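Listed below are the residues making up each chain.
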Amino acid sequence: MNRCSEAAAVAATVPGSGVGAAEHRPPMVPRQASFIPPPVPNPFVQQTGLGTARLLQAFLLGIILLPLRVILIGLLFLLSWPFAAAFIACCPEKPTYPVTDWRRTVTHLVLRYLGYALYFSMGFKVSVKGKAASALEAPIFVVAPHSSFFDGIACIVSGLPSLVSRYETVQIPMIGSLLRAVQPVLVSRVDPDSRKNTINEIIKRATSGGEWPQILVFPEGTCTNRSCLITFKPGAFIPGVPVQPILLRYPNKLDTVTWTWQGYTFIQLCVLTFCQPFTKVEIEFMPVQVPSDAEKNDPVLFANRVRNLMAEALGIPVTDHTYEDCRLMISAGQLTLPMEAGLVEFTKISQKLKLDWDGIRKHLDEYASIARSSKGGRIGIEEFAEYLKLPVSDVLKQLFALFDRNHDGTIDFREYVIGLAVLCHPANTEEIIQVAFKLFDIDEDGYITKEEFSTILQASLGLPSLDVSGLFKEIAQGDSVSYEEFKCFALRHPEYAKIFTTYLDLQTSHVYSLPSEVHTAASVASNKVCPEDHEDRTSDKKDD
């Protein structure tokens, strides 16, 4: 009997390899609540539908309201510009000192009233609850949820505080002058130290004792559909000073003010809003939040507490989505996947699984190659088996179940990323790859032949008649596979890591259960891959 036959004979006695019940296989990795899917699947889309009656109403009212409002808006911008231009006439483009004389008082007073008139001309009906704190009480305002450019009303109501804005925006004619009139904190995309400089500027102003204007920040950093509060960026909380939360609500039957990554365009949003008789907006100033000593040292802790308070007041959940999820969502659309496929709660997933943006983006390409042809952009057991060039078997079903965290019979991108990190990558270490190669290399000549590969993989999957020629061709450059080829393939396709090591797990479990006199014979037939020190063996499974 040759070595392949010996290995197959021992494999045939392993529970789960065609003889014995599948439940004797090693237990599956447990689930933990830390990776529960978010309560809101996609906060970055706007799905408002307009019925025939609504469209007809918008058209009829728009005949009168739209041109009238556009003219009024243009006139108000023209009236505002001279005051803004006079204010910034003697000021550098990037503010280096606060303007505290009469120019600030007069200009802000005039621009604030013109701002109210601007929103009134657009049809906004503004109601305010609470009172804005002074610069000494709260140097920073944090506003949420952020859903469109119309949220600028919060700046007007709170007394024209400084905004954090891109440097390119102040270059826009007229709008740039109006923006510079509030002495903004400017962020430059071309400056590699921009983030550090911005944080330092915020700290300097927030701790100036009221010399600088208050700062208004939208801590979410991007627009959402207001169905939840996404992760707050820590910038506004790093100075460790009191902040005043400001809530925004748009209690309208028809939502025409949400400008997200998928939905209305800028022009559509303006036209639909201007064609409404009026648009209600509610602004609520919450009590000032003073950071504790622990929160001063940990701005993320402070940001999370403030976010939870605001979400509770709004009656909406919080999620761990961030701007990076928007980038992944757009990438998914470019890969012909549903845009929702890219949403993974990037910050939480990357921190817990030690993954960076490039790593998750690479996984998205891999996922798309499997799921692009499937219905709904999700991976079913058939697509999974086709990608691995293996038939549907008990072992493959168990591997699929480890990825399928919610047991709905499909794998989405979030489950795929978690599965690769938790299940496959820990099993894909150099040591495990070396052991797996030795397992397949039955005659120990440094190469894996097609016969050796078939014998072990057939035993691992419990399918004696399995044809693995297609998979073998994926790995081999010629008639056999060297260690470097095997390692390269295993690293490129981490999904196979669990399949390659399943035989090791099954064989080890079987050997431990045998009488002591049988251990030696079983070890010889298994090419000496079972560890001699049973107590020191550690699992390659990572608890998630």
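Residues numbered from 1 in each chain as written. Predicted model: local features only at pLDDT ≥ 70, side-chain atom pairs only at ≥ 80, totals over all residues. Heavy atoms only, no water.

> Now, about the nonpolar core: what can you tell me, with residues and values included?
Among the nonpolar cores identified, the biggest contains 58 residues, and Phe-384, Tyr-416 and Phe-453 are the most heavily contacted of them. Both domains that furnish three or more residues to this core are identified here as domain 2 (326–427) and domain 3 (430–510). Core analysis: the second largest hydrophobic core is formed by 41 residues, Val-182, Leu-216, Leu-269 and Phe-274 among them. (Core = buried A, V, L, I, M, F, W, Y, C linked by side-chain atoms within 4.5 Å. Buried < 20%, exposed > 50% of the residue type's maximum accessible area, 1.4 Å probe, protein only. Domains from an automatic or database assignment.)

> Help me get a handle on a positive patch on the surface, residues and values and all.
A cluster of basic residues, Arg-54, Lys-125, Lys-253 and Lys-280, forms a positive patch at the surface. Residue placement: Lys-280 occurs in strand 7 (residues 279–285). (Patch = residues over 30% accessible without salt bridge, like charges linked within 9 Å, V, L, I, M, F, W, Y side chains within 5 Å. Areas by Shrake-Rupley, 256 points an atom, 1.4 Å probe, with all protein chains shown as cover. Salt bridge = Lys/Arg side-chain N within 4 Å of Asp/Glu carboxyl O. Lys, Arg positive; Asp, Glu negative; His and termini not counted. Charge placed at Lys NZ, Arg CZ, Asp CG, Glu CD. Helix = DSSP H or I, 4+ residues; strand = E, 2+ residues; numbered from the N terminus.)

> Describe in detail the packing of aromatic side chains, supporting the description with residues and values.
All told, the structure shown has 19 aromatic pairs when counted by the stated rule. Aromatic ring contacts, followed pair by pair, group Tyr-119, Phe-124, Phe-149, Phe-150, Trp-259 and Phe-266 into a single cluster. Of note, Lys-125 hangs over the ring of Phe-278, and the distance from its end group to the ring centre comes to 5.5 Å. Directly above the ring of Trp-357 sits Arg-327, whose terminal nitrogen or CZ lies 3.8 Å from the centroid. (Phe/Tyr/Trp six-rings, centres within 6.5 Å; stacked < 30°, edge-to-face > 60°. Lys NZ or Arg CZ within 6 Å of the ring centre and 35° of its normal.)

> Mind laying out unusual backbone geometry, listing which residues take part and the relevant values?
With an omega of -5 degrees, the peptide bond between Ala-144 and Pro-145 qualifies as cis. Phi is positive for Leu-160, which is not a glycine, with a value near 60 degrees. Residue placement: Leu-160 occurs in the loop between helix 4 (153–157) and strand 3 (162–166). Residue classification places Leu-160 among the buried positions, given a relative accessible area of 7%.

> Which residues make up the sheet that holds strand 7, and what are the values?
Taking strand neighbours across the sheet as the criterion, the seven strands line up as 1-7-6-2-5-3-4 in an open arrangement whose pairing is mixed. Either end of the sheet is taken by a strand with one partner, and the two such strands are strand 1 (124–129) and strand 4 (185–187). In this sheet, neighbouring strand axes are inclined to one another by 25 degrees on average, regardless of whether the strands run parallel or antiparallel. The pairing of strand 6 (residues 243–249) with strand 7 spans four bridges and is antiparallel. Each bridged residue has a counterpart across the sheet, and for Leu-247 the counterpart in strand 7 is Glu-284. Docked against the sheet, helix 9 (residues 299–314) engages strand 2 (140–144) and strand 6, running at close to 35 degrees with respect to strand 6. (Pairing = 2+ DSSP bridges. Axes fitted to C-alpha atoms, helices over the stretch in contact; angles between N-to-C directions. Contact = heavy atoms within 4.5 Å.)

> So what's going on with the packing of helix 16 (residues 430–440) against helix 19 (residues 483–492)? Which residues, and what values?
The contact between helix 16 and helix 19 brings their axes to 10 Å, and the two run at 125 degrees. Relative to helix 19, helix 16 is oriented oblique. Taken as a pair, helix 16 and helix 19 cross one another with a handedness that is right-handed. Between helix 16 and helix 19, the contacting residues are Glu-430, Ile-433, Gln-434, Ala-436, Phe-437 and Phe-440 on the first element and Tyr-483, Phe-486, Lys-487, Ala-490 and Leu-491 on the second. Here the contact of helix 16 with helix 19 is composed, by residue class, of eight nonpolar, one polar and two charged. (Parallel < 35°, antiparallel > 145°, perpendicular 65-115°, else oblique. Left-handed = near helix turned anticlockwise from the far one by under 90°. Nonpolar A, V, L, I, M, F, W, Y, C, P; charged D, E, K, R; others polar.)

> Can you explain the pattern of salt bridges? Please cite residues and give values.
Counting across every chain of the model gives eleven salt bridges. In this structure, Glu-345 engages Arg-414 in a salt bridge whose closest nitrogen and oxygen atoms are separated by 3.0 Å. Placement of the pair is Glu-345 in the loop between helix 10 (323–334) and helix 11 (346–353) and Arg-414 in helix 15 (residues 413–424), with a sequence separation of 69 residues. Salt bridges here are not isolated pairs; linked through shared partners, they connect Asp-320, Glu-345, Lys-348 and Arg-414.

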